[in-house]
Amino acid sequence: VSFPAGNYSYIWNFNGQALPSANTLSPTVAIQGNYVLIVTDNLNGCIATDTVMVLQNTNVPADIIAQIVTPGCKNTGSIIIQSTTGGVGPYLYSINGSQFQTNPDFSQLTSGNYSLTVKDINGCTYDENVILPQPEDIKVELPELVTIEFGESGQLFPILSIPESQIGSISWSPATGLSCSNCLNPFVSGINGLSYTLTITDLEGCTASDKVKVSVEKNFNLYIPNVFSPDLDGINDIWYVYGDPKKITNIKLLRIFDRWGALLFEASNFPINDPAYGWDGRSKGKLLNPAVFVYYLEAELGDGSSRLYKGDITISR
């Protein structure tokens, strides 16, 4: 539509109704259909009309494919718009209402909800919400207490929140008593109990730690017979002490008395389980009659300490 220069007024009608505030040659409309323009020459009152058909643009941005990189413990995440469905490129991109940009990558993002907007060359837009999840913290769990027998060993089994393939390093501290300090399941042994700390570092440099206390039960289990029969029949003729040589390392002193306190037998610094260091029921070469006797024994234990034992021995026939 063209008019000679002059003083004109404009009215647009749609479905018989005048468009409000449409006193311009180029109004903006949002509904498809036929629009009638009425132009009035304000100087002479002449009127001209024309009709224009407005078609709806259906080729608008309708979807996006976005790649997300989850934030880690030491870095931030990102959202990358990989493709847009619909509309006419080139596209512009915005996040959380920021200024539009040509770059579809948004980085240095922390966890949270983000609103993405894509705008095509015609100004049509598409919005979509994207969630950057919280980074998954790595976790390591150990039992509070592990108990082992003195002289024995036990194995430690931590529970991890990540697969072993994602472990960058393993460190146990202290290394004392462990079969290895950089493996996941070391064997632990020792004389006295200790507390151990396990630190796991994943491939991204994130760390997690936990502690376990290892207690050592000192059941030395020295067996001291209370009766024997030195009758030279080859059965139970020698009285001597039994035990685990790893737990009882030495008999520092053994003394045997009669009930009046007279010393009948004495030996020192000898191993257990050896009848060569036992008592044959004699005193000064003479075989004693059946009676009850008293022993005093000092044993040196595997942890370096000593323990005293006292009790009765009965000679029977």
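Higher on the page you've got the structure.
Reference entry: report on the structure contained in this document. Values in this document were obtained by computation on a predicted structure and should not be read as measured data.

Quick notes on the rules
- Residues numbered from 1 in each chain as written.
- Predicted model: local features only at pLDDT ≥ 70, side-chain atom pairs only at ≥ 80, totals over all residues.
- Heavy atoms only, no water.
- Helix = DSSP H or I, 4+ residues; strand = E, 2+ residues; numbered from the N terminus.
- Rg over C-alpha atoms; globule rule 2.2 N^0.38 Å.
- Buried < 20%, exposed > 50% of the residue type's maximum accessible area, 1.4 Å probe, protein only.
- Contact = heavy atoms within 4.5 Å.
- Pairing = 2+ DSSP bridges.
- Axes fitted to C-alpha atoms, helices over the stretch in contact; angles between N-to-C directions.
- Polar contact = N/O pair within 3.5 Å; in protein donor to acceptor, adjacent residues only side chain to side chain.
- Phe/Tyr/Trp six-rings, centres within 6.5 Å; stacked < 30°, edge-to-face > 60°.
- Lys NZ or Arg CZ within 6 Å of the ring centre and 35° of its normal.

### Quick notes on the overall build of the protein
And then number 1: Counting its secondary structure elements, the protein contains zero helices and 25 strands.
And then number 2: The C-alpha atoms of the protein give a radius of gyration of 48 Å, which is well past the 20 Å a tight globule of 317 residues would have.
And then number 3: Looking at the 317 residues of the protein, the share that counts as buried comes to 32%.
And then number 4: Excluding contacts between residues fewer than 6 apart, the proportion of contacts in the protein whose partners are at least 24 apart in sequence is 53%.

### Quick look at the sheet that holds strand E6 (residues 77-85)
Whether parallel or antiparallel, the strands of a sheet pair through hydrogen bonds between backbone atoms.
And then number 1: With antiparallel pairing, the three strands of this open sheet are ordered in space as E5-E6-E8. Both outer strands of the open sheet, strand E5 (63-69) and strand E8 (105-109), are each paired with one neighbouring strand and no more. Put simply, the sheet's adjacent strands are angled 20° from each other on average, direction ignored.
And then number 2: Two elements, E6 and E8, share three bridges in a ladder whose sense is antiparallel. What sits directly across from isoleucine 80, in E8, is aspartate 105.

### Quick word on unusual backbone geometry
And then number 1: Cis geometry is adopted by the peptide bond preceding proline 90, which originates at glycine 89 and carries an omega value of 5°.
And then number 2: With respect to the helices, strands and loops of the structure, proline 90 is situated in the loop between E6 and strand E7 (92-95).
And then number 3: Note that the residue after serine 173, namely proline 174, is joined by a cis bond; omega there is -5°.
And then number 4: Here proline 174 is to be found in the loop between strand E15 (167-173) and strand E16 (187-188).
And then number 5: Although it is not a glycine, asparagine 15 sits at a positive phi angle of roughly 55°.
And then number 6: Counting through the fold element by element, asparagine 15 comes out in the loop between strand E1 (8-14) and strand E2 (17-18).
And then number 7: By relative accessible area, which is 65% here, asparagine 15 ends up exposed.
And then number 8: Positioned with a positive phi, asparagine 273 is a non-glycine residue whose angle comes to about 65°.
And then number 9: Looking at asparagine 273, the relative accessible area reads 33%, which means it is partly exposed.

### Topic: the environment of serine 305
And then number 1: Examined against the element boundaries, serine 305 turns out to sit in the loop between strand E24 (291-301) and strand E25 (306-315).
And then number 2: Classification of serine 305 as partly exposed rests on a relative accessible area of 28%.
And then number 3: When residues no more than four places from it in sequence are discounted, the contact partners of serine 305 are Ala299 and Glu300.
And then number 4: A distance of 2.6 Å separates polar atoms of two side chains, one belonging to serine 305 and the other to aspartate 303.

### Thoughts on the packing of aromatic side chains
And then number 1: Overall, the coordinates contain eight aromatic pairs when judged by the stated rule.
And then number 2: Both rings, one in tryptophan 239 and one in tyrosine 295, keep their centres 5.7 Å apart while their planes meet at 40°; by these two values the pair is tilted. One end of the pair, tryptophan 239, is in the loop between strand E19 (227-228) and strand E20 (248-257); the other, tyrosine 295, is in strand E24, with 56 residues separating them in the sequence. For the pair formed by tryptophan 239 and tyrosine 295, the shared burial category is buried.
And then number 3: Each residue in the set Tyr223, Tyr240 and Tyr242 is aromatic and connected to the rest through ring pairs, giving one cluster.
And then number 4: The ring centre of phenylalanine 100 lies 4.3 Å from the NZ or CZ of lysine 119, which sits over that ring.

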